[in-house]
Amino acid sequence: MEFHLSKLPVKSFSCEQFSYSAMGRELCVAEVLERGDTSLVVATSHLESQCPGPPKWDQMYSKERVKQANEAVNFLKKNPNVILCGDINWDEKVDGEFPLPGGWIDAWAELNPNEIGWTYDTESNAVLSANRKLQKTY
């Protein structure tokens, strides 16, 4: 049995290791062909997670996440058509503004300017409810 994750022909696929990751994170990149020879690069990553937990409740990994985001963007920006998606774990209050290169846009913010768009919501997702309440857009 053969499975396909893209209706478009895949020209190449690779995973690029970040220079540092305590959690084994990497950037996975696929180049697909659309309409003739036009290439589209689709990349995904799960950047370092915030891990507020005992004993100190302060393992936020912001410095590492910012470095990973910059490495991902620098690797991808040479391509004219790019989609970067994934579990980015970005918190603008902690990490600052995401380092989008000139000409790049945040598709969610562009298409839904009046919606909050919680990506982490303990109210609507019982699996996340554990021992604290949080609604946040990462």
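Since this is a predicted model, take the numbers as computed values, not measurements.

It is worth spelling out helix α1 (residues 62-76) at this point. Taking 1.5 Å per residue, 15 residues should reach 21 Å; α1 reaches 21 Å between its end C-alpha atoms and fits that length. Considered for burial, the residues of α1 that qualify are Ser62, Glu64, Arg65, Gln68, Ala69, Ala72, Val73 and Leu76. Down the axis of α1, the buried set is contained in an arc of 165°. They therefore lie on one face. At its buried positions, α1 is contacted by β2 (26-34), β3 (38-46), β4 (82-87) and α2 (92-95).

Our focus in this paragraph is the nonpolar core. Leu27, Val29, Leu47, Leu76, Trp90 and Phe98 are the most contacted members of the largest nonpolar core, which totals 13 residues. Those elements that place two or more of their residues in this core are β2, β3 and α1.

Attention shifts here to the pattern of salt bridges. Side chains bearing opposite charge may pair, as long as their charged atoms lie close to each other. This structure, assessed with the given rule, holds two salt bridges. For glutamate 31, the salt bridge identified is with lysine 11, shortest N-O distance 3.9 Å. Of this pair, glutamate 31 sits in strand β2 while lysine 11 sits in strand β1 (residues 10-17), placing them 20 residues apart in sequence. With its nearest N and O atoms 2.8 Å apart, the salt bridge here joins arginine 65 to aspartate 95. Pair noted here: arginine 65 is in helix α1 and aspartate 95 is in helix α2, with a separation of 30 residues, a long-range link. One exposure class covers both arginine 65 and aspartate 95, and it is buried.

To continue, consider unusual backbone geometry. The phi dihedral of tyrosine 61 falls on the positive side, at around 55°, and the residue is not glycine. Here tyrosine 61 shows up in the loop between β3 and α1. Of note, asparagine 89 is a non-glycine position whose phi angle comes to about 60°, a positive value. Within the secondary structure layout, asparagine 89 lies in the loop between β4 and α2.

The next point concerns the confidence of the model for the protein. Per-residue confidence for the protein gives a mean pLDDT of 87, with 89% of residues at or over 70. Considering each helix and strand of the protein separately, the mean pLDDT is smallest for strand β6 (residues 135-136), with a value of 74, and largest for α1, with 96.

Here we take up a negative patch on the surface. On the surface, Glu92, Glu97, Asp106 and Glu110 cluster together into a patch of negative charge. Checked against the element boundaries, glutamate 92 lands in helix α2.

On to the sheet that holds β2, then. With mixed pairing, the four strands of this open sheet are ordered in space as β1-β2-β3-β4. Among the strands making up the open sheet, the edge pair consists of β1 and β4. Sheet twist, expressed as the average angle between the axes of neighbouring strands with direction ignored, equals 15°. Note that β3 and β4 share six bridges and pair parallel.

What counts as what
Residues numbered from 1 in each chain as written. Predicted model: local features only at pLDDT ≥ 70, side-chain atom pairs only at ≥ 80, totals over all residues. Heavy atoms only, no water. Helix = DSSP H or I, 4+ residues; strand = E, 2+ residues; numbered from the N terminus. Expected span 1.5 Å × (residues − 1). Buried < 20%, exposed > 50% of the residue type's maximum accessible area, 1.4 Å probe, protein only. Arc of directions from axis to C-beta. Contact = heavy atoms within 4.5 Å. Core = buried A, V, L, I, M, F, W, Y, C linked by side-chain atoms within 4.5 Å. Salt bridge = Lys/Arg side-chain N within 4 Å of Asp/Glu carboxyl O. pLDDT = per-residue confidence, 0-100. Patch = residues over 30% accessible without salt bridge, like charges linked within 9 Å, V, L, I, M, F, W, Y side chains within 5 Å. Areas by Shrake-Rupley, 256 points an atom, 1.4 Å probe, with all protein chains shown as cover. Lys, Arg positive; Asp, Glu negative; His and termini not counted. Charge placed at Lys NZ, Arg CZ, Asp CG, Glu CD. Pairing = 2+ DSSP bridges. Axes fitted to C-alpha atoms, helices over the stretch in contact; angles between N-to-C directions.

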